[in-house]
Amino acid sequence: QVKLVESGGGSVQAGGSLRLSCEDRLSTERNRYLAWFRQAPGKEREGVASVHLAGGVTDYGDSVKGRFTISRDNFQSTVYLQMDALKPEDTAVYYCAASRDSRLRNRLNQHEYAYWGQGTQVTVTA
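About the cut-offs
Residues numbered from 1 in each chain as written. Predicted model: local features only at pLDDT ≥ 70, side-chain atom pairs only at ≥ 80, totals over all residues. Heavy atoms only, no water. Buried < 20%, exposed > 50% of the residue type's maximum accessible area, 1.4 Å probe, protein only. Helix = DSSP H or I, 4+ residues; strand = E, 2+ residues; numbered from the N terminus. Pairing = 2+ DSSP bridges. Core = buried A, V, L, I, M, F, W, Y, C linked by side-chain atoms within 4.5 Å. Contact = heavy atoms within 4.5 Å. Disulfide = S-S within 2.5 Å. Phe/Tyr/Trp six-rings, centres within 6.5 Å; stacked < 30°, edge-to-face > 60°.

Visitor: I tried to follow the pairing of strand E4 (residues 33-39) on my own but got confused; where do I start?
Guide: With six of seven residues buried, E4 lies mostly within the body of the structure. Where E4 meets strand E5 (residues 46-52), six bridges bridge the pair, whose relative direction is antiparallel. Across the sheet, Ala35 pairs through a bridge with Ser50, a residue of E5. Hairpin connection, E4 to E5: the antiparallel pair is bridged by six residues, and Gly42 has positive phi, about 75 degrees. The sheet contact formed by E4 and strand E9 (residues 92-98) spans six bridges and is antiparallel. Considered in E9, the bridge of Leu34 is made with Ala98.

Shown next as structure tokens:
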């Protein structure tokens, strides 16, 4: 059983920054992906960024490229999402997700991920 715990959400003004953390507390498997998704009220869940825990390969959604950075710590038990130049349209609940293995066809598709955290709210005010 994979347990993912997010933290770091909050409220910030447009142009500001936040850093989200996702701690994987139970799994030691490294040949898989961890990713961040977000869902705003009335909208589909959107892939934000993903990272391969062993190899470090990253992917980003078009709406966050150049503003958000996903990274993992040296021990690979925590994944971070650094969010800069935040916009009001970034407001959403952000979820951390983990895949079962590395055989993903689309690393930003929510259906590729089997395990989910509880979500953390990010609010960006104009």
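Visitor: Explain the nonpolar core here, please?
Guide: It is characteristic of soluble globular proteins that their nonpolar side chains tend to be buried jointly. Within the largest apolar cluster, 26 residues are counted, with the highest numbers of intra-cluster contacts made by Trp36, Val48, Phe68, Ile70, Leu81, Met83 and Tyr94. For this core, the secondary structure elements donating two or more residues are strand E3 (18-24), E4, E5, strand E7 (68-72), strand E8 (78-83), E9 and strand E11 (120-125). Ranked by residue count, the leading element in this core is E9, at four residues. With near-sequence residues (within four places) excluded, Ile70 lies in contact with Leu34, Trp36, Ala49, Ser50, Val51, Thr58, Tyr60, Val79, Tyr80 and Leu81.

Visitor: What am I meant to see in the state of the cysteines here?
Guide: Here a disulfide denotes one covalent bond, and it connects the sulfur atoms of two cysteines. If you walk through the whole model with that rule in mind, you get one disulfide. Here Cys22 pairs with Cys96 through a disulfide, and the sulfurs are 2.0 Å apart. In this structure, the disulfide formed by Cys22 and Cys96 twists by about -75 degrees around the S-S bond and is classed as left-handed. Note that Cys22 is positioned in strand E3 and Cys96 in strand E9, a separation of 74 residues in sequence.

Visitor: Can you help me understand the packing of aromatic side chains in this one?
Guide: The geometry of an aromatic ring pair is captured by two quantities: the separation of the ring centres and the angle between the planes. For the coordinates displayed, the defined rule picks out three aromatic pairs. On the numbers, 5.3 Å between centres and 70 degrees between planes, the contact of Phe37 with Tyr113 is edge-to-face. Of this pair, Phe37 sits in strand E4 while Tyr113 is found in the loop between E9 and strand E10 (115-116), placing the two residues 76 residues apart along the sequence. Each member of the pair Phe37 and Tyr113 is classed as buried.

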